[in-house]
Amino acid sequence: MATEKWVFMVTAQTPTNIAVIKYWGKRDEVRILPVNDSISVTLDPDHLCTVTTVAVSPAFDRDRMWLNGKEISLSGSRYQNCLREIRSRAGDVEDMEKGIKIRKKDWEKLNLHIASHNNFPTAAGLASSAAGFACLVFSLAKLMNVDEDPSHLSAIARQGSGSACRSLFGGFVKWTMGSKEDGSDSVAVQLADEKHWDDLVIIIAVVSSRQKETSSTSGMRESVETSLLLQHRAKEVVPKRILQMEEAIKNRDFASFTQLTCTDSNQFHAVCLDTSPPIFYMNDTSHRIISLVEKWNRSEGTPQVAYTFDAGPNAVLIARNRKVAVQLLQGLLYYFPPKSDTDMKSYVVGDNSILKEAGLDGASGVENLQPPPEIKDNIGSQDQKGEVSYFICTRPGKGPIVLHDQTQALLDPETGLPK
Amino acid sequence: MAEEKWVVMVTAQTPTNIAVIKYWGKRDEVRILPINDSISVTLDPDHLCTLTTVAVSPSFDRDRMWLNGKEISLSGSRYQNCLREIRSRADDVEDKEKGIKIAKKDWEKLHLHIASHNNFPTAAGLASSAAGFACLVFALAKLMNVNEDPSQLSAIARQGSGSACRSLFGGFVKWNMGNKEDGSDSVAVQLVDDKHWDDLVIIIAVVSSRQKETSSTSGMRESVETSLLLQHRAKEVVPVRILQMEEAIKNRDFTSFTKLTCSDSNQFHAVCMDTSPPIFYMNDTSHRIISLVEKWNHSAGTPEIAYTFDAGPNAVMIARNRKVAVELLQGLLYCFPPKPDTDMKSYVLGDTSIVKEAGLEGELPQGIKDKIGSQDQKGEVSYFICSRPGRGPVVLQDQTQALLHPQTGLPK
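Residues numbered from 1 in each chain as written. Chains lettered and ligands numbered in written order. Predicted model: local features only at pLDDT ≥ 70, side-chain atom pairs only at ≥ 80, totals over all residues. Heavy atoms only, no water.

Colleague: Would you take a moment to explain the overall build of chain B for this structure?
Modeller: Of regular secondary structure, chain B possesses 11 helices and 19 strands. Taken along its principal axes, the extent of the C-alpha atoms in chain B is 80 × 50 × 40 Å. Counting every position in chain B, which comprises 412 residues, the buried fraction comes to 58%. Once local pairs closer than 6 in sequence are excluded, the contacts in chain B between residues at least 24 apart make up 77%. (Helix = DSSP H or I, 4+ residues; strand = E, 2+ residues; numbered from the N terminus. Buried < 20%, exposed > 50% of the residue type's maximum accessible area, 1.4 Å probe, protein only. Contact = heavy atoms within 4.5 Å.)

Colleague: Could you clarify how one ought to interpret the sheet that holds strand β8 (residues 70–72) of chain A in this entry?
Modeller: Residues and elements named next belong to chain A. Pairing is mixed across the open sheet formed by 6 strands, whose spatial order is β8-β7-β11-β6-β1-β19. Every other strand in the sheet has two partners, leaving β8 and β19 (401–402) as the edge strands with one partner each. With 3 bridges connecting them, strand β7 (residues 64–67) and β8 associate as antiparallel partners. Its bridge partner lying in β8, Met65 is registered against Ile72. (Pairing = 2+ DSSP bridges.)

Colleague: Which parts of the structure should I look at to understand the packing of helix α6 (residues 254–273) of chain A against helix α6 (residues 254–273) of chain B?
Modeller: Packed helix pairs are specified by the crossing angle of their axes together with the interaxial distance, meaning the distance between the axes. Contact geometry of α6(A) with α6(B) gives a least axis separation of 8 Å together with a crossing angle of 175°. Looking at the two axes, α6(A) sits roughly antiparallel to α6(B). Residues Asn266(A), His269(A), Ala270(A) and Leu273(A) of α6(A) touch α6(B), and the partners they reach there are Asn266(B), His269(B), Ala270(B) and Met273(B). Broken down by class, the residue content of the contact of α6(A) with α6(B) amounts to 4 nonpolar, 4 polar and no charged. (Axes fitted to C-alpha atoms, helices over the stretch in contact; angles between N-to-C directions. Parallel < 35°, antiparallel > 145°, perpendicular 65-115°, else oblique. Nonpolar A, V, L, I, M, F, W, Y, C, P; charged D, E, K, R; others polar.)

Colleague: Just to check I follow, could you spell out the packing of helix α2 (residues 128–143) of chain B against helix α3 (residues 150–157) of chain B for this structure?
Modeller: Residues and elements named next belong to chain B. At their nearest, the axes of α2 and α3 sit 9 Å apart, and the two run at 125° to each other. With respect to α3, the element α2 is oriented oblique. Seen from above, α2 lies across α3 with right-handed handedness. Here Phe133, Ala134, Val137 and Ala141 of α2 lie close against α3, whose contacting residues are Leu153, Ile156 and Ala157. (Left-handed = near helix turned anticlockwise from the far one by under 90°.)

Colleague: Please explain the environment of Ile385(B) as it appears in this structure.
Modeller: Residue and element names in this part refer to chain B. Mapped onto the fold, Ile385 is located in strand β18 (residues 381–387). On the basis of relative accessibility, which here comes to 4%, the residue Ile385 falls in the buried class. Here Ile385 is in contact with Leu48, Leu126, Ile202, Ile203, Ile204, Val206, Leu349 and Gly350, once residues within four sequence places are set aside.

Colleague: I would appreciate a short explanation of the state of the cysteines in the present structure.
Modeller: Note: disulfide means a covalent bond formed between the sulfur atoms of two cysteine side chains. Residue and element names in this part refer to chain A. What the rule picks out here adds up to 0 disulfides over all chains. Summary of cysteine pairing: Cys262 is not part of a disulfide, and the nearest cysteine sulfur, belonging to Cys272, is at 17 Å. Classification of Cys262 by relative accessible area gives buried; the value is 7%. No disulfide involves Cys393; its nearest neighbouring cysteine sulfur is the one of Cys49, lying 16 Å away. By relative accessible area, Cys393 is classed as buried at 1%. (Disulfide = S-S within 2.5 Å.)

Colleague: Looking at this structure, how should I read the environment of Leu404(B)?
Modeller: Residues and elements named next belong to chain B. Positionally, Leu404 belongs in the segment after β19 (394–395). It is 24 Å that separates the C-alpha atoms of Leu404 and Ser88, two residues lying 316 residues apart in sequence. Setting aside residues up to four positions removed in sequence, Leu404 forms contacts with Met9, Thr53, Ala55, Trp66, His113, Ile114, Ala115, Gly409, Leu410, Pro411 and Lys412.

Colleague: How should helix α5 (residues 230–250) of chain B be read in this particular structure?
Modeller: It helps to recall that an α-helix has 3.6 residues per turn; residues three or four apart then point in one direction. All names here are of chain B. With 21 residues, α5 extends 28 Å from end C-alpha to end C-alpha; this agrees with the ideal 30 Å at 1.5 Å per step. The largest bend in α5 is about 40°, located at Val237, with the proline Pro239 one to four residues further on. Along α5, the residues that are buried comprise Leu230, His232, Arg233, Ala234, Val237, Val238, Arg241, Ile242, Met245, Ala248 and Ile249. Two residues or fewer after α5 comes Arg252, characterised by a positive phi angle close to 50°. (Expected span 1.5 Å × (residues − 1). Bend = angle between axes of the 7 residues up to and from the residue.)

Colleague: I tried to follow the interface of chain B and chain A on my own but got confused; where do I start?
Modeller: With 27 residues of chain B at the contact, the number on the chain A side is 30 residues. Both sides of the chain B and chain A interface together cover about 2,500 Å² of buried area, and 60% of this is carbon and sulfur. Seen at the junction of chain B and chain A, the total is 0 salt bridges. Scanning the region where chain B abuts chain A turns up 6 residue pairs in polar contact (both at pLDDT 80 or more). (Buried area = accessible area lost by both parts, 1.4 Å probe. Salt bridge = Lys/Arg side-chain N within 4 Å of Asp/Glu carboxyl O. Polar contact = N/O pair within 3.5 Å; in protein donor to acceptor, adjacent residues only side chain to side chain.)

Colleague: Help me understand the side chain of Asn314(A) in this model?
Modeller: All names here are of chain A. You can see Asn314 is positioned in the loop between β15 (305–308) and β16 (315–319). The class of Asn314 is buried, set by a relative accessible area of 8%. Of note is the side chain of Asn314, whose polar atom sits 2.9 Å from the backbone nitrogen of Val207.

Colleague: Even after reading the chapter, I still don't get the sheet that holds β15(A), so can you show me in this structure?
Modeller: Where strands meet in a sheet, backbone hydrogen bonds hold them as pairs that are either parallel or antiparallel. Residue and element names in this part refer to chain A. Taken in spatial order, the 5 strands line up as β15-β16-β14-β18-β17 in an open sheet, and their pairing is mixed. Because the sheet does not close on itself, it has two edges, and the strands there are β15 and β17 (348–350). On average, each strand axis in the sheet is inclined to that of its neighbour by 25°, with strand direction left out of account. Where strand β14 (residues 201–207) and strand β18 (residues 388–394) come together, 6 bridges link them in antiparallel fashion. Across the sheet, Ala205 pairs through a bridge with Phe391, a residue of β18. Strands in contact with α6 are β15 and β16; relative to β15, the strand with the most contacts, it is inclined by about 25°.

What follows is the structure in structure tokens.
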């Protein structure tokens with residue numbers, strides 16, 4: 001019988017997420033089980049997302065994957081674990097339109113083509129593996145008709161990349177560390193959806209970095225092995241902060257949210273510094289941004305902006321509302337102006353309607369900026385051109401979705417190869 | 001009777017010190033009692049020191065002090081506490097040559113003139129208050145014939161500035177935190193003298209800093225109040241490290257010394273970062289220097305250089321011996337060259353003979369290039385100081401070095 005040539009595809013879009021109570025350190029390197037709980041906010045996939053098309057066909061002779069246009073190997077254990085776990089949960093699939101029927105037992109003999117694309121640069125240090133593995137697992141689950149809720153799927157995504165499990169939901173998400181050895185209870189759950197606290201505006205400063213950073217995977221392993229402060233953090237500090245953060249999110253208590261977010265970010269970086277050899281993810285620009293925000297919050301009396309940094313120098317700033325976000329952007333652009341001849345539309349990306357509100361969409365915008373008096377004179381002169389590569393303006397966002405529009409598929413519907 | 005105009009003076013020189021197991025956090029702000037022990041190395045006063053002249057005369061109408069040529073106020077509690085404590089221990093003094101006799105009970109009615117001078121810039125963040133208060137207390141003790149050993153004097157200096165207590169000795173020094181409420185057992189003791197491990201060479205990189213730093217006093221108070229990691233450090237980590245460091249120093253075990261020194265410096269800065277608001281003393285240049293040293297030690301196979309940073313961006317590097325120090329200096333000058341037209345004599349201070357040994361006219365040996373990174377950091381380092389472990393306070397008998405005029409008791 002001639003090899004069947006049908007191709008069955010699903011395309012999905014997944015957001016990325018930023019932890020506000022940080023995950024740093026594993027108790028199990030193979031199953032990717034953490035030493036403490038973590039909480040994150042999911043970012044709006046309109047601005048930052050991964051799109052993944054997964055396809056199955058009897059004509060495919062092996063599993064293959066393309067990431068941002070380049071073919072990559074699927075032989076690593078993280079990919080193998082995700083593929084194995086998802087396949088073992090596959091169900092019957094029927095596409096009546098195309099007349100395709102795949103039975104549960106057929107999946108183990110069928111090969112997959114996977115194409116994935118981030119709409120933001122990998123080099124920007126914006127947690128692309130979280131979004132990537134979440135999208136992989138979500139889209140395969142849809143393809144294979146896996147009957148599991150997002151928390152169960154998160155346990156699979158977790159085995160690709162820890163923080164990926166939190167990208168299976170929108171809004172605010174908690175990754176429960178779990179206590180079982182097999183990790184079946186180390187899953188993500190949604191604390192609140194993206195509508196719960198939609199006043200918040202998120203501005204990310206993508207900070208220029210000279211050096212190659214230590215990867216999260218090796219960094220956190222070195223921290224577990226050498227930091228004498230890490231265990232104390234994991235056992236004594238984080239559990240309390242998790243409870244306080246859940247309360248703060250539930251009650252939309254921005255003051256508590258800010259205090260917890262900033263101190264947890266700083267403590268994570270403190271543990272990195274307490275590692276041997278020490279890991280420095282933040283640089284002088286990151287510190288200047290922290291200074292700016294700390295001074296502003298203090299001069300306003302009540303916190304206006306929270307900050308958090310992941311394993312890199314980028315600043316993620318969370319403003320209490322749109323008005324504050326506009327002022328914050330004005331302040332940031334004053335202290336970190338673009339190099340001459342930079343088009344503002346490429347210097348502030350994402351929701352760039354904020355540029356108009358900040359009075360910065362005209363030609364003369366930045367030169368005429370007067371910073372808010374609260375932060376003027378506080379962090380030194382306006383001479384930091386080039387320290388920030390660009391800004392992204394976004395907000396809390398929704399979880400993964402299937403994209404039905406075939407034009408967004410990354411694989412050709414006939415060949416199953418990248419378009 | 002005409003007012004007597006005699007002046008009795010003593011001039012002393014005191015070293016500064018760098019902690020290798022850090023003091024950060026007080027359990028008593030008034031008596032300056034710390035939450036953990038600390039250990040330091042005293043630097044050679046030939047290179048970095050405070051000079052203080054103290055004078056007493058019936059013609060002085062009030063206590064006065066001049067610091068680096070400028071008159072300053074002595075009304076703050078730190079100065080008042082030191083002066084009170086020292087005065088209460090004053091004894092009879094006789095200067096037969098000048099025919100002056102001061103009885104123990106006279107001291108409370110006599111006033112003092114004090115002039116102090118650091119031979120290094122205050123702005124350089126090189127712990128000038130440690131050397132300063134130590135010198136004040138030491139000089140006054142000599143002037144007033146105070147019969148106390150250096151440890152007991154250290155308890156007085158401690159009330160001026162915590163780390164000052166460690167500058168009462170040379171070599172390696174430990175500040176015992178003590179447990180008495182009155183702080184009488186919170187004193188410095190000498191672990192070993194400056195000859196014990198005299199292979200060590202110390203190179204300080206004075207790093208350019210744009211911003212005004214948080215003072216140690218307020219910084220450590222904020223850390224005590226807000227850092228959730230500090231108590232764990234003080235109670236669980238430091239006691240173990242103190243014992244290990246004492247062993248390492250006793251045995252001249254450079255490998256252990258390096259591991260302890262570097263990780264304690266990093267942990268101190270980690271606690272600063274864990275403070276609210278966070279305190280960043282180190283900057284990108286500090287980090288680059290750490291990177292350079294970490295890479296160096298890694299490629300050498302065994303640690304050759306330890307680093308430590310205080311409450312500022314300056315790097316204090318301790319090389320295992322002269323040969324390593326020379327190579328390190330070559331590497332540092334390659335990575336952090338002076339701005340064009342800079343005279344080397346003003347770019348490497350202290351023990352400048354090392355500049356010659358480093359043969360800085362020629363091309364940098366490839367072996368050293370392999371150990372470090374790229375050369376593009378002009379101006380990041382203001383200058384270097386080359387020093388070594390040094391001796392404790394001494395009286396300077398040479399009258400030309402006195403900072404006060406022997407007749408008027410005023411600054412020269």
